Amino acid sequence: MNRKSIVIFISALLCVTLAGSVAAQSDQPNAVEAAVPAAFTYQGQIKRNGALFTGACNMQFKLWDAAAGGLQQGAMLPVNGVSVDNGVFAVELNFGNHFTGQARWVEAAAKCGNDSGFTTLPRVALNATPYAIGLMPGATINGDIPYAYGNATFKATNASASGGTAMFGHATATSGNTAGVFGLSGSPAGAGIWGRNNGGAGVLGESSSFTGVWGKSTTGTGVVGESTAWAGVYGISANQAGVWGKSTSASGVYGESSTFFGVWGKSTTGSGVVGESTAWAGVYGASTDQAGVWGKSTNATGVYGESTSGYAGWFNGRTKTQVLEITGGSDLAELFEVGEGPANPGTLMIIDAAEPGHLTISTQAYDTKVAGIVSGAGGVQPGLTLQQEGVMEGDTEVAIAGRVYVKATAINGAIQPGDLLTTSDLPGHAMKATDRERSPGAIIGKAMTGLDAGEGLVLVLVNLQ
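Residues numbered from 1 in each chain as written. Predicted model: local features only at pLDDT ≥ 70, side-chain atom pairs only at ≥ 80, totals over all residues. Heavy atoms only, no water.

**Comments concerning the state of the cysteines**
Thought 1: Counting across every chain of the model gives one disulfide.
Thought 2: For Cys57, the disulfide goes to Cys112, at an S-S distance of 1.8 Å. Taking the torsion about the sulfur-sulfur bond, which here is approximately 110°, the covalent link between Cys57 and Cys112 counts as right-handed. Of this pair, Cys57 sits in strand β4 (residues 55-64) while Cys112 sits in strand β7 (residues 105-112), and the two are 55 residues apart along the sequence. (Disulfide = S-S within 2.5 Å. Helix = DSSP H or I, 4+ residues; strand = E, 2+ residues; numbered from the N terminus.)

Right, dumping it as structure tokens:
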């Protein structure tokens, strides 16, 4: 019998199953289960001269990406000694994981009995179940699904369980850029990873040595977490940052909550929350009835802010604290508008009678309009500056209490620590007060350093008298 007498009928309805054993599930979230192989069962029918064939055949199978022509996917699979019973045969094929969402066709060829060669049959499309292979590790899932559900949806529906994971990512690499779960979004209004939960954490990240959750974005938010009853983003770390955010144009970490903390961070050895930004807020938190940002530390800083050109911390509204410690300056200053003449640091200022609420440089001795000293001389900066925006504003910081350096002259005698200082005839300079009758109301404070002769800076404890 020649090879042309063979006719193979491949069933259009393929009986396809996933072969391989199924490992028992573990109640531990990081349990590693046995991988499912990419093999599936392929069934067909062979006739010779119109009669169902019974016997053994050698067969060959190829996987293609088109019904005709196209590119072969994977290698040709030879299957020898296929048992055919009353025309029916079944073989197990494993082309590897070439099922990533695109159409596939199988091409079969058979050589039975004393045939001189293989007879190639038309390609048959694969449908339905084989695409389950595309869910194996390493697969890429593409498709357009509405925003509310995403490109792929994983849902834990076991209502009787006390806890479950809809999607779990586990990376075991000890070095390199490895992520348990990695999200990437090209939309400036989207999020690489977005988590939402109506009773717990929208996104929870845990790490024993580095970052629990790490998000990176060039134009938007690296990580967005939303929750109606608890933490939008919750991170735990044993020795690094529980949540760490960095942004070049927006918020490093942004938290918003209607009932609890916008951002909550906890760490036993490092920073609970670290936010870094070159253009806006390193950490921004908003809440309607709790703390927008809450920091707690037993031996370091609960909340730490640093800025080289703006405000390290900015509060809009009433601020309450138990202890306020200022380390950046030594005087209490107010911002004032000043009259004509340069008001350099250390200049002694008086009330400007011609401009209500303004100050001007002192020009006469024992002036009862003495008001303060321009801050910043001798490297001593103001520690606390007062102003009311839109009402009491100005561009010159004038010390009204505390320690500040003043321009002084020894024209009325050498100045010694403890001497009372008043205005002098030298513009903007203080001098030793010796006339007790003219001194009341004209004293700026007490000298804390001396000046033997000439002019120089004297440290003053400002105390208007």
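Structure shown, so let's carry the discussion forward.
**Section: a negative patch on the surface**
Thought 1: Judged by side-chain charge, Glu337, Glu389, Glu393 and Asp395 come together as a negatively charged surface patch.
Thought 2: The residue Asp395 is located in the loop between β25 (382-386) and β26 (396-409) in this model. (Patch = residues over 30% accessible without salt bridge, like charges linked within 9 Å, V, L, I, M, F, W, Y side chains within 5 Å. Areas by Shrake-Rupley, 256 points an atom, 1.4 Å probe, with all protein chains shown as cover. Salt bridge = Lys/Arg side-chain N within 4 Å of Asp/Glu carboxyl O. Lys, Arg positive; Asp, Glu negative; His and termini not counted. Charge placed at Lys NZ, Arg CZ, Asp CG, Glu CD.)

**With respect to the packing of aromatic side chains**
Thought 1: Tallied over the full model, the rule gives one aromatic pair.
Thought 2: When the ring of Tyr42 is compared with that of Phe61, the centres are 5.5 Å apart and the planes differ by 70°; the resulting orientation is edge-to-face. Taken together, the residues Tyr42 in strand β2 (residues 40-48) and Phe61 in strand β4 connect sequence positions 19 residues apart.
Thought 3: Exposure remark for Phe61: the relative accessible area of 0% places this residue in the buried category.
Thought 4: A cation over a ring is seen here: Arg123 above Trp64, with NZ or CZ 3.9 Å from the ring centre. (Phe/Tyr/Trp six-rings, centres within 6.5 Å; stacked < 30°, edge-to-face > 60°. Buried < 20%, exposed > 50% of the residue type's maximum accessible area, 1.4 Å probe, protein only. Lys NZ or Arg CZ within 6 Å of the ring centre and 35° of its normal.)

**Comments concerning the pattern of salt bridges**
Thought 1: A complete count under the given rule lists three salt bridges for this structure.
Thought 2: Between Glu107 and Arg123 there is a salt bridge, with the nearest N and O atoms lying 3.2 Å from each other. Of the two residues, Glu107 is situated in strand β7 and Arg123 in the loop between β8 (119-120) and β9 (124-125); the sequence distance between them amounts to 16 residues.
Thought 3: The partner of Asp419 in a salt bridge is Lys432, with the nearest N and O atoms 3.7 Å apart. Residue Asp419 is found in the loop between β26 and β27 (420-423), and its partner Lys432 is found in strand β28 (residues 430-432); the two are separated by 13 residues along the sequence.
Thought 4: A residue is classified by how much of its surface remains accessible, and Asp419, at 16% relative accessible area, is buried.
Thought 5: Exposure remark for Lys432: the relative accessible area of 23% places this residue in the partly exposed category.

**Quick word on the environment of Gly96**
Thought 1: Here Gly96 shows up in the loop between β6 (88-93) and β7.
Thought 2: In this structure, the C-alpha to C-alpha distance between Gly96 and Ala39, residues 57 residues apart in sequence, is 7.4 Å.

**Thoughts on the nonpolar core**
Thought 1: Of all hydrophobic cores here, the largest spans 22 residues; its most connected members are Tyr42, Phe61, Phe89, Leu93 and Phe95.
Thought 2: For this core, the secondary-structure elements that each account for two or more residues are β2, β4, β5 (77-84), β6 and β7.
Thought 3: Beyond its immediate chain neighbours, meaning those up to four positions away, Phe61 contacts Tyr42, Ala75, Met76, Leu77, Val79, Phe89, Val91, Leu93, Phe95, Val106, Glu107 and Ala108.
Thought 4: By size, the runner-up hydrophobic cluster in this structure holds 17 residues, among which are Val404, Ile415, Ala430 and Val462. (Core = buried A, V, L, I, M, F, W, Y, C linked by side-chain atoms within 4.5 Å. Contact = heavy atoms within 4.5 Å.)

**Notes on a nonpolar patch on the surface**
Thought 1: Together, Leu324, Ile326, Leu384 and Leu386 give the surface a local cluster of nonpolar side chains, amounting to about 340 Å² of exposed area.
Thought 2: The residue Leu386 is located in strand β25 in this model.
Thought 3: Leu386 gets classed as partly exposed once you look at its relative accessible area, which sits at 36%.

**As for the side chain of Asp367**
Thought 1: Among the structural elements, Asp367 can be located in the loop between β23 (359-361) and β24 (370-374).
Thought 2: For Asp367, the residues in contact, after removing those within four places along its chain, are Ile350, Thr422, Thr423, Gly441 and Ala442.

**Some words on the confidence of the model for the chain**
Thought 1: On average, the chain scores 77 in pLDDT, and the residues at 70 or more come to 69%.
Thought 2: Below pLDDT 50 for its whole length, residues 1-5 participates in 13 contacts with residues either more than four positions away or in separate chains.
Thought 3: When the criterion is pLDDT under 50, residues 145-151 qualifies, and its contacts beyond four places in sequence or with other chains add up to five contacts. (pLDDT = per-residue confidence, 0-100.)

**Let's talk about unusual backbone geometry**
Thought 1: If you check the backbone angles, Asn86 has positive phi at about 55° while not being a glycine.
Thought 2: Position of Asn86 among the secondary structure elements: in the loop between β5 and β6.
Thought 3: Backbone geometry places Tyr366, a non-glycine residue, at a positive phi of 50°.
Thought 4: With respect to the secondary-structure elements, Tyr366 resides in the loop between β23 and β24.
Thought 5: We classify Tyr366 as buried; its relative accessible area is 9%.

**Considerations on the environment of Leu77**
Thought 1: For Leu77, the location among the structural elements is in strand β5.
Thought 2: What makes Leu77 buried here is its relative accessible area of 18%.
Thought 3: For the pair Leu77 and Phe95, spaced 18 residues apart in sequence, the C-alpha separation works out to 7.6 Å.
Thought 4: If we ignore the near neighbours within four places in the chain, the residues touching Leu77 are Met59, Gln60, Phe61, Leu93, Asn94 and Phe95.

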